[in-house]
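Here is how the chains run, residue by residue.
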Amino acid sequence: MRFILIFFPLILLAENFEEILKKVENNYLLKSKSYEIKAKKEMYLSNRGKMFPSIDASFQAIYLQEEPKLYVDLKFPGLPEYFQAASINQYIGEISLTYPIFTGFAIENIVEKSRLDIQKSALEKSDLKRNLYIKSAKTYSVIYSLNYAIEATKEALKAIELAYKKAKGFYEQGLIPPSEIYNIEAKKYEIESILSEYRSKKESMLYLLEYLTSSKIEDVEGLRDIKLNRAAIKKAIESREDVLAIKKALMIDEKDIALAKSSFYPKLFFKGALRKYGSNLELNGDGYKNANESYVAFEISQNIFNGLSDKKALEAAKYKKLARIAYLRDYKSKIKSSLKSDFKVLDSLKTTLVSAKKRVKAAKSYYKLIEGRFQNQLSSADELSRAIADLAKAKAEAARIKSAIFNQKCKILLEASLSTFKKAFKNE
């Protein structure tokens with residue numbers, strides 16, 4: 001594993017980029033998505049259970065206000081007009097089995113839709129992680145550049161303090177006017193202000209990194225050298241997690257169409273039951289009706305008209321699929337456009353870094369020249385203080401561009417896919 005080492009001492013508790021990415025697993029949004037996936041797995045098992053027979057047990061205790069009567073018209077004098085047909089107290093115990101023989105493939109499509117929904121959520125979790133990695137890479141690179149800027153500014157502050165002591169000695173000997181001293185003091189306060197601003201920004205970035213990782217982060221280490229395979233990255237878009245999630249949603253749309261079509265088929269159910277009846281808890285009859293009321297039944301049903309509700313539901317499902325197809329095409333087009341733009345930015349940053357390094361070299365050379373001339377009173381304190389500040393600024397800018405290149409490479413890899421990013425880091 002290779003790292004570009006920075007020129008200042010690493011803080012004891014600083015963490016490298018891989019360690020930061022591991023801590024992203026602690027992010028609460030990822031944990032929330034994990035629980036969502038578990039919930040959908042349970043829902044899948046629940047829906048799958050509908051494909052099996054259902055066994056139910058029931059017991060009824062019925063107390064009638066009046067005794068059940070069967071009225072008859074025999075038209076014979078002296079014969080009663082009615083007979084008692086059942087007991088006032090009725091107890092019914094039943095164990096039944098119900099099985100959906102055919103539902104127009106509705107249950108099968110519901111089960112398959114649940115399975116696809118699990119896969120879609122898993123891909124959404126991976127895409128969420130991909131986006132968290134993008135934010136983490138950006139934050140990490142900014143902290144790195146701020147660390148470098150802080151160290152460069154500290155060096156400038158030390159240099160300006162040495163220049164101040166030297167200038168004060170010249171002033172006490174009457175070799176320079178007081179304005180020279182005031183200029184160095186002003187530049188010293190300016191550098192201190194810049195240093196304070198850098199530290200404040202770094203603290204804010206550390207807070208953001210702590211939010212992304214749900215962990216305490218003290219500091220970060222160096223940047224990793226990343227190599228890009230541009231051809232492989234462009235091909236990897238089809239396997240990007242959010243693209244795959246949209247494709248899964250498209251498959252779910254197809255199941256919605258199949259589900260809507262199921263309402264046009266007849267439904268066939270089987271039901272059988274062991275049923276006992278009685279006037280007491282022994283369920284041995286009541287002297288009027290049989291104790292054994294067990295049965296086997298088949299039910300077939302077909303909707304004839306429901307106000308075109310089923311037809312409109314089918315049309316809505318089809319339009320939903322067409323909308324998703326158009327959205328997916330636009331989405332992939334946007335990714336390709338963004339990737340092209342990111343490569344252009346990366347190339348521009350690489351060119352800028354060459355220029356920035358040359359500016360550092362030039363600023364360092366100029367600082368040494370002015371410092372030597374100042375020692376011999378050939379340059380003013382103002383020129384020296386500006387040379388010191390310019391060198392610190394040039395170093396900070398070079399570090400910023402270097403970190404921007406690191407961030408841009410991470411972004412490009414992650415714009416291809418999370419798996420492409422992991423593979424690139426694994427192969428380093």
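Residues numbered from 1 in each chain as written. Predicted model: local features only at pLDDT ≥ 70, side-chain atom pairs only at ≥ 80, totals over all residues. Heavy atoms only, no water.

1. Focus on the overall build of the protein chain
To be explicit about the condition: Comment: elements are numbered from the N terminus, with helices defined as DSSP H or I runs of at least four residues and strands as E runs of at least two. Based on C-alpha atoms, the radius of gyration is set beside the globule rule, defined as 2.2 Å times the residue count to the power 0.38. A 1.4 Å probe rolled over the protein chains alone gives each residue an accessible area, and that area as a share of the maximum for its type sets the label: buried under 20%, exposed over 50%, partly exposed in between. Here a residue-residue contact requires only that any non-hydrogen atoms of the pair lie within 4.5 Å. In this tally, Lys and Arg are treated as positive and Asp and Glu as negative; His is ignored, and so are the chain termini. To locate a charge, take atom NZ for lysine, CZ for arginine, CG for aspartate or CD for glutamate.
On a plain count of helices and strands, the protein chain comes out with nine helices and ten strands. The C-alpha atoms of the protein chain give 40 Å as radius of gyration, which overshoots the globular expectation for 428 residues (22 Å, by more than 25%). Counting only C-alpha atoms and orienting by the principal axes, one finds that the protein chain spans roughly 150 × 45 × 40 Å. Counting all 428 residues of the protein chain, 39% fall into the buried class. A fraction of 83% describes how many contacts in the protein chain between residues 6 or more apart in sequence connect residues 24 or more apart. For the protein chain, the distance from the average site of its 76 positive side-chain charges to the average site of its 54 negative ones is 8 Å.

2. Digging into helix α3 (residues 106–172)
Just so we agree on the cut-off: What a helix should span is 1.5 Å times the count of its residues minus one.
Helix length check: α3, at 67 residues, gives a terminal C-alpha distance of 97 Å against a target of 99 Å (1.5 Å per residue), a fit within 8%. Phi for Gly 174, located one or two positions after α3, is positive at around 75°.

3. Considering the pattern of salt bridges
Selection criterion: When a carboxyl oxygen of Asp or Glu lies within 4 Å of a side-chain nitrogen of Lys or Arg, that pair is called a salt bridge.
Applying the stated criterion across every chain yields a total of 34 salt bridges. Two residues, Lys 247 and Glu 238, come together in a salt bridge whose shortest N-O distance is 2.8 Å. On the basis of relative accessible area, Lys 247 is assigned to the partly exposed category, the value being 27%. One salt-bridge network, in which partners are shared between bridges, spans Lys 33, Glu 36, Lys 40, Asp 117, Lys 120 and Glu 124.

4. Thoughts on the packing of helix α6 (residues 241–262) against helix α7 (residues 309–375)
Operational definition: Note on geometry: axes are C-alpha line fits, over the in-contact stretch for helices, and angles between N-to-C directions span 0 to 180 degrees. Any angle that is under 35 degrees is reported as roughly parallel, and any over 145 degrees as roughly antiparallel; angles of 65 to 115 degrees are reported as roughly perpendicular and all others as oblique. All amino acids are sorted into three groups, where Ala, Val, Leu, Ile, Met, Phe, Trp, Tyr, Cys and Pro are nonpolar, Asp, Glu, Lys and Arg are charged, and the leftover types, Gly among them, are polar.
Remark: α6 packs on α7, axes separated minimally by 8 Å, with the N-to-C direction vectors making an angle of 170°. On the basis of the axis angle, α6 is roughly antiparallel to α7. Here the contact of α6 with α7 is composed, by residue class, of 14 nonpolar, no polar and eleven charged.

5. Looking at the packing of aromatic side chains
Where we set the bar: Side-chain rings of Phe, Tyr and Trp, where Trp is taken by its six-membered ring, are said to pair if the distance between their centres is within 6.5 Å; with planes under 30 degrees apart they count as stacked, over 60 as edge-to-face, and otherwise as tilted.
The full count for this structure, using the stated rule, is 15 aromatic pairs. Considering the side-chain rings of Tyr 63 and Tyr 91, the 5.9 Å spacing of their centres and the 85° angle between planes classify their relative orientation as edge-to-face. Of this pair, Tyr 63 sits in strand β3 (residues 54–63) while Tyr 91 is found in strand β6 (residues 89–102), placing the two residues 28 residues apart along the sequence. Using a relative accessible area of 55% as the deciding quantity, one classes Tyr 63 as exposed.

6. So, a nonpolar patch on the surface
Put simply, the rule reads: By definition, no residue in a patch forms a salt bridge, and every one has over 30% relative accessible area; like charges are joined within 9 Å, nonpolar side chains (Val, Leu, Ile, Met, Phe, Trp, Tyr) within 5 Å. Where accessible areas are quoted, they stem from the Shrake-Rupley method and a 1.4 Å probe; at the residue level, only the protein chains shown are allowed to cover.
Side chains of Ile 55, Ile 95, Leu 97, Tyr 99, Ile 101, Leu 274, Val 296 and Phe 298 sit close together on the surface and give an oily, nonpolar patch of about 800 Å² of accessible area. If you list the elements that add at least two residues to the nonpolar patch, you get β6 and β10 (295–301). Here the element with the most residues in the nonpolar patch is β6; it accounts for four residues. On the secondary structure map, Val 296 appears in strand β10.

7. A closer look at the environment of Ala 313
Here Ala 313 is to be found in helix α7. As for Ala 313 and Ser 263, which are separated by 50 residues in sequence, their C-alpha atoms are 9.7 Å apart.

8. Re the nonpolar core
One broad trend across soluble globular proteins is that nonpolar side chains are buried collectively. Under the convention used in this document: For the purposes of this section, nonpolar cores are sets of buried Ala, Val, Leu, Ile, Met, Phe, Trp, Tyr and Cys residues that join through side-chain atoms within 4.5 Å.
If you look at the biggest cluster of nonpolar residues, it comprises 73 residues, and the most contacted ones within it are Phe 17, Ile 388, Cys 410 and Phe 421. Those elements that place two or more of their residues in this core are α1 (17–23), α3, α4 (178–213), α6, α7, α8 (381–416) and α9 (418–426). If you tally residues by element for this core, the top one is α8, at 18 residues. Judged by nonpolar contacts, the second largest core, of five residues, contains Ile 37, Tyr 44, Ile 107 and Ile 118.

9. Quick look at the pairing of strand β9 (residues 267–278)
Note the cut-off: Paired strands, in this sense, are two strands between which DSSP finds at least two bridges.
Where β6 lies against β9, eleven bridges are found, and the strand directions are antiparallel. Bridge pairing in β9 links Gly 93 to Lys 276. Of the strand pairs in this sheet, β9 and β10 are connected by seven bridges, and their pairing is antiparallel. Looking across to β10, one finds that Lys 267 is bridged to Ser 301.

10. Observations regarding the confidence of the model for the protein chain
This is how the line gets drawn: Per-residue confidence from the prediction method is given by pLDDT, with values spanning 0 to 100.
Mean pLDDT over the protein chain stands at 91; residues scoring 70 or higher make up 95%. Ranking the elements of the protein chain by mean pLDDT puts strand β1 (residues 3–4) last, at 43, and helix α2 (residues 28–48) first, at 97. For residues 1–11, every residue scores under 50 in pLDDT, and the model assigns this stretch 23 contacts once sequence neighbours within four places are set aside.

11. Brief notes about the side chain of Arg 130
What counts here: In protein, a polar contact means a hydrogen-donor-capable atom and an acceptor-capable atom, both N or O and within 3.5 Å, with residues adjacent in sequence counting only if both atoms are side-chain atoms; elsewhere, any N or O pair within 3.5 Å suffices.
Structurally, the position occupied by Arg 130 is in helix α3. At 2.9 Å, the side chain of Arg 130 and the side chain of Asp 127 are in polar contact. Leaving out residues up to four positions away in the same chain, Arg 130 has contacts with Arg 240, Glu 241, Asp 242, Leu 414, Glu 415, Ser 417 and Leu 418.

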